[in-house]
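Survey of secondary and tertiary structure
Chain by chain, the residues run as shown.
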Amino acid sequence: MKGKTTGFWKGILSLFLWIASLGIFAQNITVRGTVTDSEGEPLAGVTVLIQGTASGTVTNVDGNFVLESVSPNITLDVSYVGMQTQIIPVNGRTTINVVLMDETELLDELVVVGYGEQRRREITGSVTNVTAGSFNQGVTRDAADLLQGKVAGLQITTPSGDVTQSARIRLRGVSTLQNDQGPFIVIDGVPGGDLQTVAPQDIESISVLKDASSAAIYGSRSAGGVILITTKRGSGLKPRISYDGYVAVSSIANKPDLLTADEWRSYARESGSDASVYDKYGASTDWFDEITREGISQNHGLSLSGGGSSNNYRASFNYLQREGVVNDNDMERFNFRFQIQQRAINDRLRVGLTGAATMRDFKEPNRRNFVLAYNMLPVYPVKLTNGEWFDTREYDQGNPVRNQAYNEDLKKNVHYYGSGDILFNIVEGLDIKTMLYKERQTEERSQYLNSETEAGRNDGGYALRENRIWDKNLMEWLLEYRSSFGSTGQHSLNAIAGYSWEENEYSFVKSANRNFTTDLLGANNLESGQGLRPNDVGSARNMSRLISFFGRAHYGYQSKYMITATLRRDGSSKFGANHKWGTFPSVSAAWGISEEAFMDNMSWINDMKIRVGYGITGNQAGLDPYKTLQLYGTSGTYYDNGAWLTAYKISQNANPDLKWEETGMFNVGLDFYLFNERVSGTLEWYDKRTTDMLYTYRVPTPPYLHPDMMANVGDMRNTGVELALNIDAVRTRNFNWNTSITLAHNKNEVTRLSNDVYTTSRIMVGDAWVRGGSGRTTHVIEEGYPVGQFYGPEFVRIDENGKYVFRNKEGEEVNSVTAEDYTYIGSAQPDLTFGWNNQFAYKNWDLSFFFRGTVGNDVLNMGRMTYGHPGYLIGANALNDPLVHQLKVVPEYSSLYVEDASHIRLDNMALGYTFNTKGIDWLERARIYATGQNLFVLTGYKGLDPEVDENRNNGLAPGVEDREYYPKSRTFSVGINLTF
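Attention in this report is confined to the structure presented alongside it. Note that the structure is predicted; figures quoted are calculated from it, not measured. Residues take numbers from 1 onward in each chain, read along the sequence in its written order. For this predicted model, a pLDDT threshold of at least 70 governs which residues receive local features, and a threshold of 80 or more governs which side-chain atom pairs are given and counted, while totals over whole chains, interfaces and linings are taken from all residues. Note: side-chain values were computed over all heavy atoms of the structure, leaving out hydrogens and water.

1. What about the overall build of the chain?
Only DSSP runs of H or I covering at least 4 residues are called helices, and only runs of E covering at least 2 are called strands; the numbering of each starts at the N terminus. For the chain, the count of helices and strands is nine helices and 50 strands. Over its C-alpha atoms the chain spans a radius of gyration of 31 Å, differing by no more than 12% from the 30 Å that the globule rule assigns to 980 residues. With the C-alpha coordinates aligned to their principal axes, the bounding extent of the chain is approximately 95 × 75 × 65 Å. Exposure is judged per residue with a 1.4 Å probe applied to protein chains only, and the accessible area is read against the type maximum: over 50% gives exposed, under 20% gives buried, and values in between give partly exposed. For the chain, the proportion of its 980 residues judged to be buried stands at 56%. What makes two residues a contact is simply this: any of their non-hydrogen atoms within 4.5 Å. The long-range share in the chain, meaning contacts at least 24 apart out of those at least 6 apart in sequence, stands at 70%. Each accessible area is a Shrake-Rupley estimate made with a 1.4 Å probe; only the visible protein chains count as cover when residues are assessed. With an accessible surface of roughly 41200 Å², the chain has 52% of that area assigned to carbon and sulfur atoms. Charged residues are defined here as Lys and Arg on the positive side and Asp and Glu on the negative side; His and the ends of the chain fall outside this count. Throughout, a charge is located at the NZ atom of Lys, the CZ atom of Arg, the CG atom of Asp or the CD atom of Glu. Taken as two groups, the 94 positive and 114 negative side-chain charges of the chain have centres that lie 3 Å from each other. Here the radius of gyration uses the C-alpha set of atoms, whereas the globule reference equals 2.2 Å times the residue count to the power 0.38.

2. Some remarks on the pairing of strand 47 (residues 903-914)
As paired strands, strand 44 (residues 845-855) and strand 47 are joined by 10 bridges and run antiparallel to one another. By the bridge assignment, F851 is partnered in strand 47 with L906. By the convention used here, strands pair only if DSSP detects at least 2 bridges between them. Of the pairings in the sheet, the one linking strand 47 to strand 48 (residues 925-939) comprises 11 bridges and is antiparallel in character. By the bridge assignment, Y913 is partnered in strand 48 with I928.

3. Observations regarding the side chain of N667
With respect to the secondary-structure elements, N667 resides in strand 32 (residues 661-674). Accessibility expressed as a relative area gives 1% for N667, which makes it buried. Distance and chemistry together define a polar contact, namely a pair of N or O atoms within 3.5 Å, with one atom able to donate a hydrogen and the other to accept it when in protein, and with adjacent residues in sequence counting only for side-chain atoms on both sides. Polar side-chain contacts of N667 include one of 2.8 Å to the side chain of R172. For N667, the contacting residues outside a window of four places in its chain are S126, R172, D211, R611, V612, G613, E684, W685 and Y686.

4. What about the sheet that holds strand 49 (residues 960-961)?
Sheet architecture is open: three strands sit in the order 46-45-49, paired in mixed fashion. Among the strands making up the open sheet, the edge pair consists of strand 46 (898-900) and strand 49. Both strand 45 (residues 858-861) and strand 49 contribute to a ladder of two bridges, which runs parallel. For L860, the partnering residue across the bridge sits in strand 49 and is V960.

5. Some thoughts on empty space enclosed by the protein
Put plainly, a pocket is an open set of points on a 1 Å grid over the protein atoms alone with protein on both sides within 12 Å along at least five of seven lines, a cavity is a set where a 1.4 Å probe fits but cannot get out, and a lining residue has an atom within 4 Å of a point. Grid points are joined across faces, edges and corners, and a volume is the space filled by probe spheres set on the points. Counting across every chain of the model gives 10 cavities of 30 Å³ or more. When its volume is computed, the largest cavity comes out at roughly 410 Å³. Put simply, the parts of the chain that give the lining of the largest cavity at least two residues each are strand 47, strand 48 and strand 50 (969-979). Ranked by residues supplied to the lining of the largest cavity, first place goes to strand 47 with three residues. Broken down by class, the residue content of the lining of the largest cavity amounts to two nonpolar, 12 polar and nine charged. Approximately 320 Å³ is the volume found for the second largest cavity. Every residue lining the second largest cavity is counted, 29 residues in all, and those nearest its centre are Q155, T833, R852, G853 and T854. Think of it as three bins: nonpolar holds Ala, Val, Leu, Ile, Met, Phe, Trp, Tyr, Cys and Pro, charged holds Asp, Glu, Lys and Arg, and polar takes everything else, Gly as well.

6. A closer look at unusual backbone geometry
With omega at -10°, the peptide bond leading from T701 into P702 counts as cis. Relative to the elements of secondary structure, P702 occurs in the loop between strand 33 (679-698) and strand 34 (708-731). Positive phi, close to 55°, is recorded for Y115, a residue that is not glycine. One can find Y115 in the loop between strand 8 (110-113) and strand 9 (116-119). The exposure class of Y115 is buried, given its relative accessible area of 12%. In this structure, Q558 takes a positive phi of about 55° despite not being glycine. As for its placement among the helices and strands, Q558 is situated in the loop between strand 26 (537-557) and strand 27 (561-572). On the basis of relative accessible area, Q558 is assigned to the partly exposed category, the value being 35%.

7. A word on a nonpolar patch on the surface
Nonpolar side chains (Val, Leu, Ile, Met, Phe, Trp, Tyr) are joined into patches within 5 Å and like charges within 9 Å, using only residues with over 30% relative accessible area and no salt bridge. The working definition used for a salt bridge is a side-chain nitrogen of Lys or Arg within 4 Å of a carboxyl oxygen of Asp or Glu. Residues I241, L302, L304, Y313, F338, I340, L353, I920, W922 and F980 make up a contiguous nonpolar surface patch of roughly 900 Å² in combined accessible area. Where the nonpolar patch is concerned, the elements lending two or more residues are strand 18 (295-307) and strand 20 (330-344). Here I340 shows up in strand 20.

8. Structural notes on the nonpolar core
We call a set of buried residues a nonpolar core when its members are Ala, Val, Leu, Ile, Met, Phe, Trp, Tyr or Cys and they connect through side-chain atoms within 4.5 Å of each other. With 37 residues, the main nonpolar core has W264, W287, F288, Y374, L873 and I874 as its most contacted residues. When residues of this core are traced back to their parent elements, those giving at least two are helix 4 (261-270), helix 5 (287-291) and helix 6 (368-375). Once residues lying within four places of it in the same chain are set aside, the contact partners of W287 are A373, M376, L377, P378, Y380, P381, V382, N399, P400 and V401.

9. Points about the pattern of salt bridges
Counted according to the given criterion, the structure contains 70 salt bridges. Salt-bridge contacts for D536 lead to R514; the nearest nitrogen and oxygen are separated by 2.5 Å. Of the two residues, D536 sits in the loop between strand 25 (491-514) and strand 26 while R514 sits in strand 25, which places them 22 residues apart along the sequence. For D536, a relative accessible area of 7% corresponds to the buried category. Assessed through its relative accessible area of 7%, R514 is described here as buried. Between R807 and E813 there is a salt bridge, and its shortest N-O distance comes to 3.9 Å.

10. Regarding the environment of T392
Inspection of the secondary structure puts T392 in the loop between helix 6 and helix 7 (400-406). Note on T392: relative accessible area 12%, which makes it buried. Residues T392 and D687, 295 residues apart in the sequence, show an inter-C-alpha distance of 57 Å. Residue contacts for T392: discarding those within four places in its chain leaves M376, Y380, Q397, G398 and R457. Within polar-contact distance, the side chain of T392 engages the backbone nitrogen of E394 at 3.3 Å.

11. Some remarks on the packing of aromatic side chains
Stacked, edge-to-face and tilted are the three classes for Phe, Tyr and Trp ring pairs, Trp counted by its six-membered ring, which pair at centre distances within 6.5 Å; planes under 30 degrees apart are stacked, over 60 edge-to-face, the rest tilted. Throughout the structure, instances matching the rule amount to 43 aromatic pairs. The interplanar angle of 5° and the centroid separation of 6.2 Å between the aromatic rings of Y557 and Y561 together place this pair among those described as stacked. Both rings, one in Y791 and one in Y822, keep their centres 6.0 Å apart while their planes meet at 70°; by these two values the pair is edge-to-face. Linking Y791 in strand 38 (residues 789-792) with Y822 in the loop between strand 41 (813-814) and strand 42 (823-827), this pair joins segments that are 31 residues apart in sequence. Comparing Y791 with Y822, the two get one shared label, buried. Through successive ring pairs, a cluster of aromatic residues spans F735, W737, W836, F840, F849, F851 and F936. When the ring centre of F362 is taken as reference, the NZ or CZ atom of R360 above it lies at 4.4 Å. Sitting over the face of the ring of W660, K659 holds its NZ or CZ atom 5.6 Å from the ring centroid. The criterion is that NZ of a Lys, or CZ of an Arg, lies within 6 Å of the ring centre and within 35 degrees of the ring normal, and then a charge sits over that ring.

And the structure:
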């Protein structure tokens, strides 16, 4: 690894040499002025900031402000709640008077886009910005929870009730066969971020780059879209201390309806079965009640911020502790973050430092316990009368409570990073910026399965220790030019050019053992085990680099005609020898219709803009660092010279033609603000086409030395329509009501799977495993059909003999079918996703509620298929389902269990009260609130929840409620926000 980070440290040296060469100075001035409203009345408390900084002041009771010792080339950002922000270049003036106009939607507000900011009215791509005031409230883990249902086309699903599991994010449909990772995350300009590293209380705003014309600036990693997170910064107005905290209680929202002890006994009598062999303990046990609980959660956030005329700072600490509704599931997280920014050389130089650390201790639940809770008889006790644990060795049975009490699976994750950025204003309108970034993440796992429990008894105790380390080094340089020209400054030009160098390294080590003489030491004494196997020890390491050149130019004329062009070129070590570099261009244009003369008489239209864009983005997430190379792997042992040695063989074929997946997207959008901006929204249509999709194909041996090979072959298409509508329905002095709706329709289709070299007619995926029916698949990937297409027997009815009746390929009703009779029986892809948010304010009270849901998607109810039959009664329990009394055969996968999962969910409701603190000089703001989450679901789906994990089988078999599904919770919380 000699020279591994040479480029990184050369960059640091270049940076300091560059700083030492700075020598441009200018005379500072004092800027004074008055801010008034349209009636000429002075406005007190107006924020006057130096644009791009947190330095500034506020107006006094007479509307006056003073900025001392500032550069004559600064631009003022003048803002006030409920009024339009003014962006005013100083241009050497010492007196500036400002008139603010009433506006609810801030058309001139700055929105974060890739590598910069743009005024909302000048954006030409598909960008949705969500600010802190619109975030979801209640118990939130990360930015995904804040955004759920807020952005049209951004599908965020909560896969289960597991508090350690992150939400699944997908933008404008699935576009790869390689474990769709969702949008690329950028935090404060740093690409490739992790949502867990930012506490929700630290987030100021979130921008979603939805189309390729806006996301192409991130090149080969942005095919799934881009989410830009901007954290809160310190303000130079005055020091502030803030506290946010809540306490929450969660309970299981919907548990399986299993036969109770009395119902089981009644069934045994009616079926003529001898229950005495099982029912000899006098017990009545609800096993799901025994393995679940009411989970208590708490969150505490403390921040300190402030600054002066040339500097600002903010530091925060956040503690989150969550208990899952399952006994062996919890998480404890600590987030630390600080940010310092200092200006010098007459505000031409800005230096920023940012540091963050996240520490998580968490326990992932053993989902095997759900299987046991389904199967264990309700007449079995948790413990015997003498206090000993009850247990049984029947198939898929064992005491799940004992598993939870004796076994452990602990993980500790530490994630920290630091960055330094320097910006220098070379001449007016021309800035150069550089950033250096270092990140490290470590994760330790310690698992022990006690020899006395169902999980560990076959191994005589099982212990596992794992350690992982992720490292990232990043250096970026950015040159930005801004100019307004023409007789009245009607022309504007903004251009950036940049360079990025990034290195990522991953290492892994594990060791395991079994057959321990004692369980007392857990996983802390691996050498005491007597059952070491060849695969119990392992390690791995890989490294990849990405070098990029990128640029963007934006031209605007009087906010009427705007065009943006972007180009990025990525060179990646992941790509094959024949495709080391990729180019990702985009172009978009916008026409501000409302600025035309023929619109002058339409005063009810405040702003209307048509956008058109096309761009190409890439996806390299499915390409591991060494997938292009020929690799060797172990292949048993051989005897040589008196010893058994490990044998090796080719485990991967070389493919120098491997490259990124490529996605081209054409997007048309209409943005509008009507009726004094009381009605606003966006209507969009897109056509998104992915080519060169990666997948592993079977190849002949010979000539190849391994039978599988990854190649760029497939194509996929997503087309869709999105609508986002915001209405200020009521706006009075004491009462306001705002309602917003998001609707999105997406159609997904696989358009190609084969070429002349790599061929397959279809790919069967998924697992319809039930006892006695293993090896059956649930989904098909096939040309002309979407990812998530269910494929299996078509169910007709249950006949008088208690047998399934299916329809075969000839249309006949039969009791059994073969794979040739399978057909298309549903799709996990929804026809429509929607969100409806309402916010009310009456004097000091605020109330909000939020619905979201889907229409037209199907879910495989595997819980009902596995447990909703009498096949193993009375020796195992079953669901209290009509099928238990109708069926006389073991279950079989079919369209009977593929159910319509359309639903509407009251996802969030919050009620708050903000106290009047005008008479308290030490308290700026105080608010108390109460929230409820996942309050109810309206659906015809018969399972536990119609929203399930979209990443099942790497995203190729979505829409399945597994037989070990972790039920979701219903949560209530109370909290307080204080600012001093």
